[in-house]
Amino acid sequence: MNNKVGYVSIIGLPNVGKSTLLNSLLNQKISIVTHKPQTTRKKILGILTEPNYQIIFLDTPGIVKPAYLLHEKMLEEVNESIKDADVIVLIFDVSSEGKIKESEENEIIKELIAQKKKPIILALNKVDSITQEQAQQLVHHYESWKQFNAIVPIAASLNFNVDRIVYEIAELLPVGEKYYPDDIISEASERFFVSEIIREKIFELYEDEVPYSTEVLIADFKERSTGKDFISAEIIVERDSQKPIIIGKEGKSIKKLGETARKAIEEFLQKEVYLELRVKVKEKWRSNEKMLKYFGYGVKK
């Protein structure tokens with residue numbers, strides 16, 4: 001059979017809808033989504049398998065100007081994803097002229113478009129926030145660039161036109177044998193997804209800089225044939241002053257976090273769990289090379 005197979009990198013600025021698109025493409029939530037930018041920190045691999053094709057999607061961190069070492073590691077993930085890809089899906093948020101301009105003027109995006117090394121599909125996301133006439137004007141505008149293999153207006157959160165993205169990708173992929181069994185949707189472990197779910201809930205429940213200063217490690221994960229699975233997670237913060245914020249007065253904040261995260265984990269794992277949360281301080285971990293490597297950041301050499 002002439003199966004189409006290959007890697008597809010989903011890239012764009014923070015908060016343009018990369019993770020939402022991946023979840024919509026797979027019809028399953030594997031990448032965390034919040035209203036705050038820079039939620040995704042690591043490359044997330046999701047696999048879409050149909051009889052005639054297998055697409056391995058790489059959801060990447062948002063492209064940012066590095067402010068500290070963690071940002072540099074995140075950018076490494078983006079560059080490595082682009083290098084590995086057979087096709088690139090570039091997402092622009094079209095909900096405002098400012099956001100469109102920001103994407104157009106980003107140096108990494110401009111260079112990627114100019115190089116023409118890989119086929120690029122331009123996804124114009126959040127078209128539900130503009131008129132149909134405005135969407136058509138944007139499509140004509142980017143067609144005049146003559147740089148993209150396809151331009152697709154989408155609304156990832158509404159699953160609008162996502163099937164067209166899949167069609168355009170499949171047209172561009174090379175013929176080959178499938179890399180993964182048909183029933184696998186990601187190669188990441190349950191531990192990884194559980195840590196990401198907890199981190200998602202931290203972004204949802206806490207304000208300001210605190211979520212960006214946190215990392216989540218799964219210290220223990222015991223599956224039990226009878227009773228609830230046991231999960232012990234460590235929430236890492238950068239400063240002593242952040243620890244009481246996570247815990248809250250009389251432990252109310254961390255209790256709420258635990259309850260919210262546990263429900264989401266149980267929904268994901270389809271089983272009951274006992275979730276234990278602890279808070280630890282690792283000074284300036286976002287700028288510490290050894291700690292970032294221990295936490296799994298950066299391209300594996």
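Summarised in this report is the structure supplied together with it. These numbers come from a predicted model, not from an experiment. (Residues numbered from 1 in each chain as written. Predicted model: local features only at pLDDT ≥ 70, side-chain atom pairs only at ≥ 80, totals over all residues. Heavy atoms only, no water.)

This brings us to the overall build of the protein chain. Secondary structure summary: the protein chain contains ten helices and nine strands in total. The globule rule puts the C-alpha radius of gyration for 301 residues at 19 Å, and the 20 Å found for the protein chain is close to it. Oriented by its inertia axes, the alpha-carbon framework of the protein chain measures out at about 60 × 45 × 40 Å. Residue burial in the protein chain is summarised as follows: out of 301 residues, 52% are buried. For the protein chain, the share of sequence-separated contacts (at least 6 apart) that also reach a separation of at least 24 residues comes to 70%. Each charge sign in the protein chain was given a centre, from 44 positive and 47 negative side chains, and these centres are 5 Å apart. (Helix = DSSP H or I, 4+ residues; strand = E, 2+ residues; numbered from the N terminus. Rg over C-alpha atoms; globule rule 2.2 N^0.38 Å. Buried < 20%, exposed > 50% of the residue type's maximum accessible area, 1.4 Å probe, protein only. Contact = heavy atoms within 4.5 Å. Lys, Arg positive; Asp, Glu negative; His and termini not counted. Charge placed at Lys NZ, Arg CZ, Asp CG, Glu CD.)

Attention now goes to the packing of helix α7 (residues 190-205) against helix α9 (residues 252-269). Taken N-terminus to C-terminus, the directions of α7 and α9 make an angle of 140 degrees; their axes are 9 Å apart at the nearest point. Here α7 lies oblique to α9, going by the angle between them. In the packing of α7 onto α9, the handedness of the crossing is right-handed. Contacts from Glu190, Phe193, Val194, Ile197, Ile198, Lys201, Ile202 and Leu205 of α7 reach α9 at Lys256, Leu257, Thr260, Ala261, Ala264, Ile265, Phe268 and Leu269. Considered class by class, the residues forming the contact of α7 with α9 number twelve nonpolar, one polar and three charged. (Axes fitted to C-alpha atoms, helices over the stretch in contact; angles between N-to-C directions. Parallel < 35°, antiparallel > 145°, perpendicular 65-115°, else oblique. Left-handed = near helix turned anticlockwise from the far one by under 90°. Nonpolar A, V, L, I, M, F, W, Y, C, P; charged D, E, K, R; others polar.)

This next bit is on the nonpolar core. Generally speaking, soluble globular proteins have nonpolar side chains that are buried together. Grouped together as the largest cluster of nonpolar side chains are 57 residues, with contacts concentrated most on Phe57 and Leu124. In terms of residue count, strand β4 (residues 87-93) provides more of this core than any other element does, six residues in total. In contact with Leu124, other than residues within four places in its own chain, are Phe92, Val94, Leu138, Val139, Tyr142, Ile151, Val152, Pro153 and Ile154. Tyr206, Phe221, Leu269 and Val279 belong to the second largest nonpolar core, which has 24 residues in total. (Core = buried A, V, L, I, M, F, W, Y, C linked by side-chain atoms within 4.5 Å.)

Of all eight residues making up strand β1 (residues 4-11), six are buried, and the element is well covered by its neighbours. Pairing of β1 with strand β3 (residues 53-59) involves seven bridges; the strand directions are parallel. Residue pairing for β3: Val5 is matched across the bridge by Gln54. As judged from the four bridges shared by β1 and β4, these two strands associate in the parallel manner. Its bridge partner lying in β4, Ile11 is registered against Leu90. (Pairing = 2+ DSSP bridges.)

Here we take up the packing of helix α1 (residues 18-26) against helix α6 (residues 162-172). Axis separation between α1 and α6 bottoms out at 10 Å; the angle between their running directions is 85 degrees. Of the possible angle classes, the one that applies to α1 and α6 is roughly perpendicular. Across the interface between the two elements, Leu21, Ser24 and Leu25 of α1 pack against Val162, Ile165 and Val166 of α6. Class assignment of the residues belonging to the contact of α1 with α6 gives a composition of five nonpolar, one polar and no charged.

Attention now goes to the packing of aromatic side chains. This structure, assessed with the given rule, holds twelve aromatic pairs. On the numbers, 5.6 Å between centres and 75 degrees between planes, the contact of Phe92 with Tyr142 is edge-to-face. On the criterion of sequence distance, the pair formed by Phe92 in strand β4 and Tyr142 in helix α5 (residues 132-143) is long-range, its members being 50 residues apart. Owing to a relative accessible area of 0%, Phe92 belongs among the buried residues under this scheme. (Phe/Tyr/Trp six-rings, centres within 6.5 Å; stacked < 30°, edge-to-face > 60°.)

Under the defined criterion, the tally for this structure stands at 21 salt bridges. The partner of Glu200 in a salt bridge is Lys29, and the shortest N-O contact between them spans 2.6 Å. Residue Glu200 is found in helix α7, and its partner Lys29 is found in the loop between α1 and β2 (44-50); the two are separated by 171 residues along the sequence. Using a relative accessible area of 2% as the deciding quantity, one classes Glu200 as buried. The closest approach of N and O atoms between Lys99 and Asp93, which form a salt bridge, is 3.7 Å. Within the structure, one salt-bridge network assembled from shared partners comprises Lys29, Glu200, Lys201 and Glu204. (Salt bridge = Lys/Arg side-chain N within 4 Å of Asp/Glu carboxyl O.)

Locating Ile56 in the fold gives a position in strand β3. A sequence separation of 37 residues divides Ile56 from Ser19, and the C-alpha atoms of the two residues are 14 Å apart. Setting aside residues no more than four positions away along its own chain, Ile56 makes contact with Val5, Gly6, Tyr7, Val8, Leu45, Gly46, Ile47, Tyr179 and Tyr180.

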